Amino acid sequence: MAGAAPKFTIAFKVPELEDQLFRADVRLQPVIRAAAEYLSERGKTLTITCVFRDAETQARYRAEAIRLGRQEPVKSPHEDGRAVDIRTRDLDAATIKSLVTKLNREFPYAPFGSPAARYPTALYHDVGQGAHIHIQVRPPFRPPERH
């Protein structure tokens, strides 16, 4: 049946995030869709709270994370549109855990055995801005330059 309506809803903390999502790395789309469908099956709506983040904001977030004894990278995948954050305040612990597990199983961050495989696609954390699910994709592959 062509043109069937999606079986999920995506909400945005602020309207600007919808435009940001359209400009973000396209590889995030199937992960976000899977998360939205999963939550919809449980009567919940996926709400995106962050897409792009500038370096200045990241520096502030990192300083706050360090002050709280938490880890936060110097450069975030949000800075180049490779990550989104999802609100979790209306989700129970079991739903959060099962969603993160599902996304990491179905959308590996990197091929098994590669050094980057240790990174998750999805993680639940709080770096001082409120607990949320962070979804990320790895940097695009760039073949080595030939000289």
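Residues numbered from 1 in each chain as written. Predicted model: local features only at pLDDT ≥ 70, side-chain atom pairs only at ≥ 80, totals over all residues. Heavy atoms only, no water.

### Details of helix α4 (residues 93-106)
Residues lying three or four places apart along an α-helix face the same way, a consequence of the helix completing one turn every 3.6 residues.
Move 1: Over its 14 residues, α4 extends 20 Å from the first C-alpha to the last, a length consistent with the 20 Å expected when each residue adds 1.5 Å.
Move 2: The set of residues buried in α4 consists of Thr95, Ile96, Leu99, Val100, Lys102 and Leu103. Considered in projection along α4, the buried side chains sweep an arc of 160 degrees and stay on one side of the axis. What points out from α4, more than 90 degrees from its buried face, is the exposed set Ala93, Ala94, Lys97 and Arg105.
Move 3: Summarising the contacts, the buried residues of α4 are in contact with α2 (29-41), β4 (122-125) and β5 (132-136). (Helix = DSSP H or I, 4+ residues; strand = E, 2+ residues; numbered from the N terminus. Expected span 1.5 Å × (residues − 1). Buried < 20%, exposed > 50% of the residue type's maximum accessible area, 1.4 Å probe, protein only. Arc of directions from axis to C-beta. Contact = heavy atoms within 4.5 Å.)

### Observations regarding the layout of surface pockets
Unoccupied space between atoms shows up once a probe the size of one water molecule is rolled over them.
Move 1: Estimated volume of the largest pocket: approximately 730 Å³.
Move 2: Of the residues forming the lining of the largest pocket, the biggest block, three residues, is contributed by β5.
Move 3: The calculated volume of the second largest pocket comes to roughly 190 Å³.
Move 4: For the second largest pocket, the full set of lining residues is Phe8, Ile10, Phe12, Glu18, Leu21, Phe22, Gln29, Ile32 and Arg33.
Move 5: Broken down by secondary-structure element, the contributors of at least two residues to the lining of the second largest pocket are β1 (10-12), α1 (16-23) and α2.
Move 6: Of the residues contributing to the lining of the second largest pocket, the split by class is six nonpolar, one polar and two charged. (1 Å grid on protein atoms, 1.4 Å probe; cavity = no way out; pocket = protein on both sides within 12 Å on 5 of 7 lines; lining within 4 Å. Points joined across faces, edges and corners; volume = space filled by probe spheres on them. Nonpolar A, V, L, I, M, F, W, Y, C, P; charged D, E, K, R; others polar.)

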